[in-house]
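Chain by chain, the residues run as shown.
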Amino acid sequence: MVEDVCADIKGSGTNPLVVSIAAGVTIESLEGWLGSSARVVRVMPNTPCLVGELAAAYAPNAACSAADAATVSSLLGALGTAFKVKEADLDAVTGLSGSGPAYVFQFIEALSDGGVRAGLTRPIATALAAKTVRGAATMVLQTGKHPGELKDQVTSPGGTTITGVHALEQGGMRAAVMNAVLAATARSRELGKK
Ligand SMILES: NC(=O)C1=CN([C@@H]2O[C@H](COP(=O)(O)OP(=O)(O)OC[C@H]3O[C@@H](n4cnc5c(N)ncnc54)[C@H](OP(=O)(O)O)[C@@H]3O)[C@@H](O)[C@H]2O)C=CC1
Ligand SMILES: O=C(O)[C@@H]1CCC=N1
């Protein structure tokens with residue numbers, strides 16, 4: 001698909017700034033299809049851009065000027081946050097923030113299911129789950145505190161939270177999340193080899 005689009009761009013005889021969001025597709029491949037003088041910025045966005053909460057990263061190729069990079073940075077910045085990274089890091093960005101919304105949706109659904117299992121109605125459980133995730137994320141971003149410190153602030157000695165945290169540890173939640181990021185990162189690298 002990406003190769004066909006690049007062929008169309010090359011055939012147009014123009015030399016536009018090309019922005020690719022295709023997971024795994026390397027700058028080297030894009031240059032191969034577009035021509036080595038092509039100006040290419042590889043971006044990994046995520047679906048929260050639809051609500052102005054983009055978490056993205058981008059890497060310009062050597063042919064891009066500072067103005068080209070600034071144009072993409074400004075476009076992405078209008079939708080949220082975008083970090084300039086080395087191209088080699090974009091597979092990890094894909095595994096974390098590119099695919100990450102799906103992990104968080106799964107977590108919200110699971111929180112809601114827990115609430116329903118404990119007797120709450122579905123609308124109230126889902127609203128509480130989503131607001132809890134958003135509130136906790138906002139605390140991380142606004143305070144700059146380590147998430148572990150914020151977790152400690154919630155956990156009363158012998159209380160409900162540490163009991164829930166223990167249950168999550170028994171379920172291997174942290175290893176499962178880390179494995180999800182690593183598996184998706186590996187898949188992004190694999191896509192780049194096709
Ligand atoms: N979904 C996500 O959250 C993210 C996706 N991406 C990247 O975005 C790209 C699209 O992903 P996604 O939307 O999920 O995939 P989908 O399969 O849902 O959409 C692919 C789209 O591309 C169109 N298409 C296919 N071939 C061509 C072609 N030759 N010329 C023009 N258009 C074509 C399809 O049109 P039609 O339906 O008519 O076939 C379809 O609209 C992928 O490269 C993915 O890695 C990047 C970051 C996040
Ligand atoms: O699932 C995918 O391959 C794409 C890339 C990141 C999010 N969706």
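That block above? That's the structure.
Residues numbered from 1 in each chain as written. Chains lettered and ligands numbered in written order. Predicted model: local features only at pLDDT ≥ 70, side-chain atom pairs only at ≥ 80, totals over all residues. Heavy atoms only, no water.

Engineer: With reference to specific residues and values, describe the packing of helix α4 (residues 90–98) against helix α9 (residues 173–192).
Structural biologist: Where α4 contacts α9, the axes come no closer than 7 Å and their chain directions differ by 135 degrees. Looking at the two axes, α4 sits oblique to α9. Pair α4 / α9 crosses with right-handed handedness. Residues Asp91, Ala92, Thr94, Gly95 and Leu96 of α4 touch α9, and the partners they reach there are Val181, Ala184, Thr185, Ser188 and Arg189. Residues of the contact of α4 with α9, tallied by class, amount to 4 nonpolar, 4 polar and 2 charged. (Axes fitted to C-alpha atoms, helices over the stretch in contact; angles between N-to-C directions. Helix = DSSP H or I, 4+ residues; strand = E, 2+ residues; numbered from the N terminus. Parallel < 35°, antiparallel > 145°, perpendicular 65-115°, else oblique. Left-handed = near helix turned anticlockwise from the far one by under 90°. Contact = heavy atoms within 4.5 Å. Nonpolar A, V, L, I, M, F, W, Y, C, P; charged D, E, K, R; others polar.)

Engineer: Explain the pattern of salt bridges to me, and be specific about the residues and the numbers.
Structural biologist: Applying the stated criterion to the full structure yields 9 salt bridges. The residue Asp68 makes a salt bridge to Arg39 at a minimum N-O spacing of 2.8 Å. Highlighted residues: Asp68 in helix α3 (residues 66–77) and Arg39 in strand β2 (residues 39–44), separated in sequence by 29 residues. As a salt-bridge pair, Lys151 and Asp152 come within 3.0 Å of each other at their nearest N and O atoms. Accessibility expressed as a relative area gives 38% for Lys151, which makes it partly exposed. The network of salt bridges with common partners includes Arg42, Glu87, Asp91 and Arg189. (Salt bridge = Lys/Arg side-chain N within 4 Å of Asp/Glu carboxyl O. Buried < 20%, exposed > 50% of the residue type's maximum accessible area, 1.4 Å probe, protein only.)

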